[in-house]
Amino acid sequence: MAAAKKRCAKVGGVHFPEELPSVGASSHVHFDEKLHDSVVMVTTEDDGNFMVKVGFLKTQHRYEIVFTLPEVPALGKDVCPAPLPNPHLKITNISAAPEGGLKITCEYLALQEGVLCEEVLLLSETNEDVCVRVKVHARVMDRHHGTPMLLEGVRCIGTELEYDSEQSDWQGFD
C-alpha cells in the first residue's frame, strides 16, 4: 500500500484526496498557484471603464483601498473625482503611480451584506468631455461570520457602531 500512488480529484482549483486518510495520517488541501495571488484586481472593461475587485470585506467596517489604474491618455495628467457624493465610496487621493498610470486611494464603508458594486467617476481637469467610471466590487459578509483575509491594497481603518434598539436607555412615555 505504501507503493500505491496518491490520486487527487481536482475541483475548481482545489485538490481533494480521493481516498480518506488513515487514522493518525495528516491530510492536506492543495490550491492552484494562481489562487495565491492576493492583490486587488483591476480590469479594463470593453467600454474603457474599470472594474476593481477588492475581495471579501465585513459589514460595519471602514476600509482604505489602494489600487493602480492603467494610464488613460484621454484623461491627461490632471485628474479629479466627480463631485457626485457616494455615501459608501470616497476617493481620498489620486497621484501618478511610479510605474505609470494613476494610484487611487479610496475609503469604502461596508454597511450591507452581499455582493456590492459602488462606482465613482474620474474627470479630466483639462478636457471636460472625458470621464472614466471606476466600479468597485466587494463581497461583504456579516460581521458575525468570521474575519475575511484582506487582499493586498485593502486595510481596515475602523468599525462603525451598529444601532441596536435593545441597547436604548429610553424609558418610554409615562
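The notes below deal with the structure included here. (Residues numbered from 1 in each chain as written. Predicted model: local features only at pLDDT ≥ 70, side-chain atom pairs only at ≥ 80, totals over all residues. Heavy atoms only, no water.)

## Focus on the environment of Tyr63
Piece 1. Following the sequence through the fold, Tyr63 ends up in strand β6 (residues 61–69).
Piece 2. Sequence separation between Tyr63 and Cys106 is 43 residues; the distance between their C-alpha atoms is 8.3 Å.
Piece 3. Aside from chain neighbours lying at most four places away, what touches Tyr63 is Leu57, Lys58, Cys106, Glu107, Tyr108, Ala110, Leu150, Val154, Arg155, Cys156 and Ile157. (Helix = DSSP H or I, 4+ residues; strand = E, 2+ residues; numbered from the N terminus. Contact = heavy atoms within 4.5 Å.)

## A few points about the pairing of strand β4 (residues 41–44)
Piece 1. Here β4 pairs with strand β5 (residues 50–58) via 4 bridges, running antiparallel. Pairing of Thr43 across the sheet is with Met51, part of β5.
Piece 2. The hairpin turn running from β4 into β5, its antiparallel successor, is 5 residues long, and Gly48 in that turn takes a positive phi close to 90 degrees. (Pairing = 2+ DSSP bridges.)

## Let's talk about the nonpolar core
Piece 1. Grouped together as the largest cluster of nonpolar side chains are 29 residues, with contacts concentrated most on Val54, Leu57, Ile65, Phe67, Tyr108 and Val154.
Piece 2. Among the secondary structure elements, those contributing two or more residues to this core are β5, β6, β8 (89–96), β9 (102–110), β10 (114–124) and β11 (131–141).
Piece 3. Residues in contact with Leu57, not counting those within four places in the same chain, are Tyr63, Tyr108, Ala138, Arg139, Val140, Met141, Pro148, Leu150 and Val154. (Core = buried A, V, L, I, M, F, W, Y, C linked by side-chain atoms within 4.5 Å. Buried < 20%, exposed > 50% of the residue type's maximum accessible area, 1.4 Å probe, protein only.)

## Section: unusual backbone geometry
Piece 1. Phi at Gln60 takes a positive value of approximately 65 degrees, unusual for a residue other than glycine.
Piece 2. Within the secondary structure, Gln60 is located in the loop between β5 and β6.

## Quick look at the sheet that holds β5
Piece 1. Judged by pairing direction, the sheet is mixed, and its 5 strands sit side by side in the order β4-β5-β11-β10-β7 without closing on themselves. Across the chains shown, the open sheet's two edge strands, defined by having one partner strand only, are β4 and β7 (79–81). Averaged over all adjacent pairs, the angle separating strand axes in this sheet is 30 degrees, with direction ignored. (Axes fitted to C-alpha atoms, helices over the stretch in contact; angles between N-to-C directions.)

## Brief notes about the sheet that holds strand β12 (residues 154–159)
Piece 1. An order of β8-β9-β6-β12 is seen for the 4 strands of this open sheet, with the pairing classed as antiparallel. Of all strands in the sheet, those bounded by a partner on one side alone are β8 and β12. Strand after strand, the sheet turns through a mean of 20 degrees between neighbouring axes, direction not considered.

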